[in-house]
Amino acid sequence: MTEQREQWGSRLGFILAAAGSAIGLGNIWKFPYIAGENGGAAFVFIYLVCIAIIGLPVLVGEVLIGRSSHRDPVGAFKVLHGSKVWMAIGGMGVFAGFVILSFYSVVAGWSLGYIIESYNGVFYNFQSAGDAGNHFGSLVSNVEWILSFHTIFFILTMIIVYFGIQKGIERYSKILMPLLFILLVVMVFRGLSLEGADKGLAFLFKPDWSKINGETVLVALGHAFFTLSLGMGAMMTYGSYMSDKDSVLSASLQIVILDTLIAMLAGVAIFTAVFATGQDPTAGPGLIFHTLPVVFTKMPGGQIFSTLFFLLLTIAALTSAISLLEVVVAFFVDELKWVRHKAVILFGLVTWGIGIPSALSFNKMSEVHFFGMTFFDVSDYLASNILLPLGGFFIAIFVGWVWGFDKVLPKLKSGAEDFFDKYPERITYWQFFIKYLAPVLIFLVFLNSVGLLDKIKTLFN
Ligand code: TRP
């Protein structure tokens, strides 16, 4: 009896920790704004397809690598294969973690700052929907405001990773994350009750395929990786703490369902409000900060709700940021034998520093462009649309071709014996997805986004 309870406890622990990493700004801030920029429903559809046929199989593979090696990402490849090339791919993940955390903290800082704005009831002074957008604009153009909150958020992240009090955070997450979920459901109902909400639903669910091009597909794929914390070894690290008695398949499926559910709820809450209040869905990274304050001012108890919402969003961002810094720190501690505290301080400072030009992208450096994008956008693009899909590609290749299926299958079966007996064909599907479909699709999406696919097509015409 005791044994059974303990098993269940650890299984839930893994799912919550992994969901805590997956659910963050990606779901509530990034998903709505990139869906808005890329035309809505058609993009959402492609994103869901990417999640199902690439994200889920690669997540299973990544968790499996972690659980089988019980090591950090670089160490995992070392144990399972030993070659320098594969270790370098683990290293690429560590680099991606750096880049993501640097701009992630800037946005988390906005959320932190909005706790104070909400608490002070600033939103009640807005006369029209446009005022919320203007207010956001004036806050982010204030260098002091944006840098202070970036810094405070970073200090919080570093303190938690420094003292290793994740256990505490995890215990609180078990209460706070369901609370975030409930609040999001309240806002969905609030959004749906607004006049004109149906236009928002149509935007989100009625595809206009003409809005889709190679670039959009790459953004959808990149976001599938970003939102699942995939392609850089974060899920590998969590998998390394998982017991062999638990099913990797069902745990992965649950993480994907939770993460997608939160993103869709956020999408409904935000686009109903965007269209009901006549705002611009292509507003970009500020979208939720333009829209939600308007919704909050229009609902009873709005001040309490908005304070709570931004508090919970900040905490969701914190549980994701910890996982990002932890991957970087774990690498320097495990592989290069650094002292943990030194690694936290040095890499915390370096990553915070790389975040500064991202913060300045909204004010002083807004006119400084690299490849036509601000520093903030370049960091996001490089990490989400290039490094993560590339990492996912190599993870699929590793599991499908290098590791050897004779070794992979018994590992996958461990903890999922019943499932294997009942649905042997589903295992074959997974094998097909990770071996052929995922790598080929990722490859095609890359070709397509640089326009190579079109050129190849014309060659054959
Ligand atoms: N998935 C998180 C989000 O949606 C962000 C994140 C945390 C992440 N850890 C990661 C993304 C590791 C990629 C890799 O907000």
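None of the values given here were measured: they were computed from a predicted structure.

(A) Up close: the nonpolar core. Within the largest apolar cluster, 157 residues are counted, with the highest numbers of intra-cluster contacts made by W110 and F309. Ranked by the residues each element gives to this core, the list is headed by helix α5 (residues 84-119), at 19 residues. Discounting chain neighbours no more than four positions away, the residues touching F309 are I28, L183, L184, M187, L292 and F296.

(B) Examining the pattern of salt bridges more closely. Under the criterion given, the structure shown has 6 salt bridges. Two residues, D244 and R67, come together in a salt bridge whose shortest N-O distance is 3.6 Å. One end of the pair, D244, is in the loop between α11 (234-239) and α12 (248-276); the other, R67, is in helix α3 (residues 41-69), and 177 residues separate them in sequence. Its relative accessible area of 2% is what places R67 among the buried residues.

(C) Here's a closer look at the site of the ligand. Contacts to the ligand come from 17 residues, most closely from A22, G26, Y104, F226 and S229. Note that an oxygen atom of the ligand is positioned 2.5 Å from one of the side-chain N or O atoms of Y104. Only α1 (2-22), α2 (25-37), α5, α10 (214-227) and α14 (302-334) provide two or more residues apiece to the shell around the ligand.

(D) Representation of helix α9 (residues 197-205) within the structure. A197, G200, F203 and L204 are the residues of α9 that are buried. Buried residues along α9 cover an arc of 115° about the axis, so they all sit on one side. Those residues of α9 that are exposed and angled more than 90 degrees off the buried face are D198 and K199.

(E) View of α10. In this model α10 runs 20 Å from its N-terminal to its C-terminal C-alpha over 14 residues, within 8% of the 20 Å that 1.5 Å per residue would give. Among the 14 residues that make up α10, 13 are buried, leaving the element largely enclosed by the rest of the structure. The distance from a side-chain oxygen at the start of α10 to the backbone nitrogen of E215 is 3.0 Å, and the residue carrying that oxygen is N213. Positive phi appears at S229, one or two residues downstream of α10, with a value of about 55°.

(F) Looking closely at the packing of α5 against helix α6 (residues 129-140). Where α5 contacts α6, the two axes come as close as 12 Å, and the packing angle between them is 120°. For the element pair α5 / α6, the angle class is oblique. As α5 packs across α6, the resulting crossing turns out to be right-handed. Of α6, the residues touching α5 (which contributes W110, Y114 and E117) are H135, F136, L139 and V140. Of the residues contributing to the contact of α5 with α6, the split by class is 5 nonpolar, 1 polar and 1 charged.

(G) Quick peek at the environment of G82. For G82, the position within the fold is in the loop between α4 (73-80) and α5. Setting aside its immediate chain neighbours within four residues, G82 contacts F77 and M87.

(H) A look at the packing of aromatic side chains. Scanning all chains against the criterion turns up 42 aromatic pairs. Summarising the aromatic geometry, the rings of W29 and F376 are spaced 6.3 Å apart at their centres and angled 80° between planes, so their arrangement reads as edge-to-face. Taken together, the positions of W29 in helix α2 and F376 in helix α16 (residues 375-402) put the pair 347 residues apart, joining distant regions of the chain. Residue W29 is classed as buried on the basis of its relative accessible area of 0%. When the centroid spacing of 4.9 Å and the interplanar angle of 75° are considered together, the rings of F362 and F376 count as edge-to-face.

(I) Inspection of a nonpolar patch on the surface at higher detail. On the surface, L179, F181, I182, V186, L261, L308 and L311 cluster together into a nonpolar patch covering about 510 Å² of accessible area. Those elements that place two or more of their residues in the nonpolar patch are α8 (166-193) and α14. For the nonpolar patch, the element with the highest residue contribution is α8, accounting for 4 residues. Within the secondary structure layout, V186 lies in helix α8.

The rules behind these values
- Residues numbered from 1 in each chain as written.
- Predicted model: local features only at pLDDT ≥ 70, side-chain atom pairs only at ≥ 80, totals over all residues.
- Heavy atoms only, no water.
- Core = buried A, V, L, I, M, F, W, Y, C linked by side-chain atoms within 4.5 Å.
- Buried < 20%, exposed > 50% of the residue type's maximum accessible area, 1.4 Å probe, protein only.
- Helix = DSSP H or I, 4+ residues; strand = E, 2+ residues; numbered from the N terminus.
- Contact = heavy atoms within 4.5 Å.
- Salt bridge = Lys/Arg side-chain N within 4 Å of Asp/Glu carboxyl O.
- Near = heavy atom within 4 Å.
- Polar contact = N/O pair within 3.5 Å; in protein donor to acceptor, adjacent residues only side chain to side chain.
- Arc of directions from axis to C-beta.
- Expected span 1.5 Å × (residues − 1).
- Axes fitted to C-alpha atoms, helices over the stretch in contact; angles between N-to-C directions.
- Parallel < 35°, antiparallel > 145°, perpendicular 65-115°, else oblique.
- Left-handed = near helix turned anticlockwise from the far one by under 90°.
- Nonpolar A, V, L, I, M, F, W, Y, C, P; charged D, E, K, R; others polar.
- Phe/Tyr/Trp six-rings, centres within 6.5 Å; stacked < 30°, edge-to-face > 60°.
- Patch = residues over 30% accessible without salt bridge, like charges linked within 9 Å, V, L, I, M, F, W, Y side chains within 5 Å.
- Areas by Shrake-Rupley, 256 points an atom, 1.4 Å probe, with all protein chains shown as cover.

From the geometry alone we can't say anything about function, so treat these as descriptive.
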